[in-house]
Amino acid sequence: MARQRRSYTSEFKVEAVKLVTEKGYSVAEAARSLDIGETLLRSWKQDFEGQGDQAFPGHGHLPAIEEELRQLRADNKRLQMERDLLKKATAFFAREAL
């Protein structure tokens, strides 16, 4: 049977990273004691070092810049569809006028 995917709170992730960075545990020791994979802990550590407090937005909430980018892409897609529809309508009515 497939394993259920576990989710972790941002507080848990920060504390796990602090075990390695502040308490002096090795990544392998901390991962073993928390029952998580070493690779997962390494990626959390890398995210935390790169982004600090913004590293783990939590529960599907995107950071503000990514949320804005998602919204702009959606708007762009909608506007392109409207433009294409207007092009087709213009071509249709131009043919009818001839």
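The structure we're discussing is the one just above.
Residues numbered from 1 in each chain as written. Predicted model: local features only at pLDDT ≥ 70, side-chain atom pairs only at ≥ 80, totals over all residues. Heavy atoms only, no water.

K.L.:
Describe the overall build of the chain, and please don't skip the residues or the numbers.
P.N.:
Counting secondary structure elements, the chain contains 4 helices and 0 strands. Scaling as 2.2 N^0.38, a compact globule of 98 residues should have a C-alpha radius of gyration of about 13 Å, whereas the chain reaches 24 Å, well beyond that. Per-residue burial for the chain yields a buried fraction of 15% across its 98 residues. Total accessible area on the chain stands at roughly 8,400 Å², and carbon and sulfur atoms take up 53% of it. Charge centroids of the chain, computed over 17 positive and 16 negative side chains, lie 6 Å from each other. (Helix = DSSP H or I, 4+ residues; strand = E, 2+ residues; numbered from the N terminus. Rg over C-alpha atoms; globule rule 2.2 N^0.38 Å. Buried < 20%, exposed > 50% of the residue type's maximum accessible area, 1.4 Å probe, protein only. Areas by Shrake-Rupley, 256 points an atom, 1.4 Å probe, with all protein chains shown as cover. Lys, Arg positive; Asp, Glu negative; His and termini not counted. Charge placed at Lys NZ, Arg CZ, Asp CG, Glu CD.)

K.L.:
Provide a residue-level description of the packing of aromatic side chains, including the pertinent values.
P.N.:
Enumeration over the complete set of coordinates arrives at 4 aromatic pairs. Here the aromatic rings of Tyr8 and Phe12 are separated by 5.3 Å at their centres, their planes lie at 15°, and the arrangement is stacked. The exposure class of Tyr8 is partly exposed, given its relative accessible area of 21%. You can call Phe12 partly exposed: its relative accessible area is 29%. Between Phe92 and Phe93, the ring centres sit 5.3 Å apart and the planes meet at 70°, which makes this aromatic pair edge-to-face. (Phe/Tyr/Trp six-rings, centres within 6.5 Å; stacked < 30°, edge-to-face > 60°.)

K.L.:
How would you explain the nonpolar core if you had to name every residue and give the values?
P.N.:
Of all hydrophobic cores here, the largest spans 14 residues; its most connected members are Val20, Ala30, Ile36, Leu41, Trp44, Phe48 and Phe56. The set of elements that each furnish at least two residues to this core consists of helix H1 (10–21), helix H2 (27–34) and helix H3 (38–51). Beyond its immediate chain neighbours, meaning those up to four positions away, Ile36 contacts Arg6, Tyr8, Phe12, Ala31, Leu41 and Trp44. (Core = buried A, V, L, I, M, F, W, Y, C linked by side-chain atoms within 4.5 Å. Contact = heavy atoms within 4.5 Å.)

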